[in-house]
Amino acid sequence: MTMEQRNEAKQGVPMLRLKGVRKSFDGTEVLHGVDLSVDAGEVVAILGPSGSGKTTLLRCANFLERADAGTLELAGERHDLATTRPREMADVRRRTGFVFQGYNLFRNRTVLGNVCEGLVTARKMPRAQAEERAHACLRRVGMDDRCDAYPVQLSGGQQQRVAIARAMATDPEIIYFDEPTSALDPELTGEVLAAMRQLAEDGMTMLVVTHEMAFARDVADRVVFMEDGRVVTEAPAREFFERPANDRIRAFLRMAGGTTA
């Protein structure tokens, strides 16, 4: 699906739907039948305390972890999370992007090489075409002027912006963000959030695990709050912050700096 198609489809069309997702580690269940959906063109922020299952849910949705039960629908195509075969898993990953906490860039490749690598090796795209697309994505995150640099020569914020460009380059139907600013100093966080904000304005479908309250409030369309491996509540972003559903949400927002209400 192209960006233009995503923009046309933005009104209430489900891009991602997770149902009944369960996951245990060493006999301890960390996801208790989670349901979650994201419409095409929507930005959904997942908030919640540490250990609430946010990252595990994201990883299960992209088959980086194998869920014990549950289903995933991506643009209407249904997959059983517990039994999906490797070939189907690879197909789902080709249609999605994932931005990790720790950048996960290849240290022995330049910025341009990092963004091109998946296009050339996995997508079999001609290198000239891959480089053209990579340059376009790097320009969108303000990193094309560093295309010949290596990751070690970049700040953390710059590396994360390259990781975002890499995720964009495959023209994904949805991008998952797993705490993309958690490893950054506060002064570098803003440049990464600005790149994400631009993606949202362009109509990219995004599912974002974050502790950045301002981003969730100002950019997300909807907020999902998780605790103890369950979705406790979800609401439009403005409503979530301005009219917290209960005392637990108020306490969380007060501690996280989202509101003093």
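For clarity, every value in this text was computed on a predicted model and none was experimentally measured. (Residues numbered from 1 in each chain as written. Predicted model: local features only at pLDDT ≥ 70, side-chain atom pairs only at ≥ 80, totals over all residues. Heavy atoms only, no water.)

Colleague: Where do I start with the pairing of strand β9 (residues 222–227) in this structure?
Modeller: Side-chain direction in a regular strand flips from residue to residue, so the side chains alternate between the two faces of the sheet. Counting buried positions over the six residues of β9 gives six, a clear majority of the element. Across the two faces of β9 the burial is the same, with Arg222, Val224 and Met226 and Val223, Phe225 and Glu227 all buried. Bridge analysis of strand β3 (residues 43–47) against β9 gives four bridges, and the strand direction is parallel. Its bridge partner being in β9, Leu47 is matched across the sheet by Phe225. Where β9 hands over to strand β10 (residues 230–236), the hairpin turn is made up of two residues, of which Asp228 adopts a positive phi near 55°. (Buried < 20%, exposed > 50% of the residue type's maximum accessible area, 1.4 Å probe, protein only. Helix = DSSP H or I, 4+ residues; strand = E, 2+ residues; numbered from the N terminus. Pairing = 2+ DSSP bridges.)

Colleague: How should the sheet that holds strand β5 (residues 77–80) be read in this particular structure?
Modeller: Sheet strands associate in pairs through backbone hydrogen bonding, adopting either a parallel or an antiparallel arrangement. The strand order across the open sheet built from four strands is β2-β1-β4-β5, with neighbouring strands paired in antiparallel fashion. Each of the sheet's edge strands pairs with one partner strand only, and the pair in question is β2 (28–39) and β5. On average, each strand axis in the sheet is tilted by 15° relative to the strand beside it, whichever way the strands run. Docked against the sheet, helix α2 (residues 54–61) engages β1 (14–25), β2 and β4 (69–74), running at close to 115° with respect to β1. (Axes fitted to C-alpha atoms, helices over the stretch in contact; angles between N-to-C directions. Contact = heavy atoms within 4.5 Å.)

Colleague: Looking at this model, I keep getting lost on unusual backbone geometry. Mind explaining?
Modeller: With glycine set apart, most residues show a phi of negative sign, and most peptide bonds adopt trans. Not every positive phi belongs to a glycine, and Asp171 is a case in point at roughly 50°. Positionally, Asp171 belongs in the loop between α6 (156–169) and β7 (174–178). Among the residues examined, Asp171 registers a relative accessible area of 31% and is labelled partly exposed. The backbone of Asp228 shows a phi angle near 55°, a positive value even though the residue is not glycine.

Colleague: Is there a simple way to think about the packing of helix α4 (residues 111–121) against α6 in this case?
Modeller: Packed helices, taken two at a time, are described by the angle between their axes plus the distance between the axes. Two elements in contact, α4 and α6, have axes separated by 9 Å at closest approach and are oriented at 25°. Regarding the angle of α4 to α6, the classification is roughly parallel. Every pair of crossing elements has a handedness; the one defined by α4 and α6 is right-handed. Note on element contacts: α6 touches α4 through Val162, Ala165, Arg166 and Ala169, opposite Val111, Asn114, Val115 and Leu119. Grouping the amino acids of the contact of α4 with α6 by side-chain chemistry returns six nonpolar, one polar and one charged. (Parallel < 35°, antiparallel > 145°, perpendicular 65-115°, else oblique. Left-handed = near helix turned anticlockwise from the far one by under 90°. Nonpolar A, V, L, I, M, F, W, Y, C, P; charged D, E, K, R; others polar.)

Colleague: What is the right way to read the sheet that holds β3 from this model?
Modeller: An order of β6-β7-β8-β3-β9-β10 is seen for the six strands of this open sheet, with the pairing classed as mixed. Of all the strands in the sheet, just β6 (96–99) and β10 have a single pairing partner and so form its edges. Pairs of neighbouring strands in the sheet enclose a mean axial angle of 15°, with direction left out of account. Relative to the sheet, α2 contacts β3, β6, β7, β8 (206–209) and β9, its axis offset from that of β7 by approximately 150°. Contacts from α6 reach β6 and β7 within the one sheet, and its direction differs from that of β6 by about 170°.

Colleague: Just checking my understanding: could you explain the pattern of salt bridges for this structure?
Modeller: Where charged atoms from two side chains of opposite charge approach closely, those side chains can pair. Counting across every chain of the model gives 16 salt bridges. Of the charged contacts in the structure, one is a salt bridge between Arg22 and Glu29, with a shortest N-O distance of 3.1 Å. Residue Arg22 is classed as partly exposed on the basis of its relative accessible area, which comes to 36%. Residue class for Glu29 comes out partly exposed when judged on its relative accessible area of 29%. With its nearest N and O atoms 3.7 Å apart, the salt bridge here joins Arg139 to Asp144. Looking at Arg139, the relative accessible area reads 54%, which means it is exposed. Among the charged side chains, a network of salt bridges with common partners joins Glu77, Asp91, Arg94, Arg95 and Glu173. (Salt bridge = Lys/Arg side-chain N within 4 Å of Asp/Glu carboxyl O.)

Colleague: Help me understand the pairing of β3 in this model?
Modeller: With respect to burial, β3 is a largely interior element, five of its five residues being buried. With burial as the criterion, each face of β3 is covered, one bearing Val43, Ala45 and Leu47 and the other bearing Val44 and Ile46. Pairing of β3 with β8 involves four bridges; the strand directions are parallel. Bridging from a neighbouring strand, Ala45 pairs with Val208 of β8.

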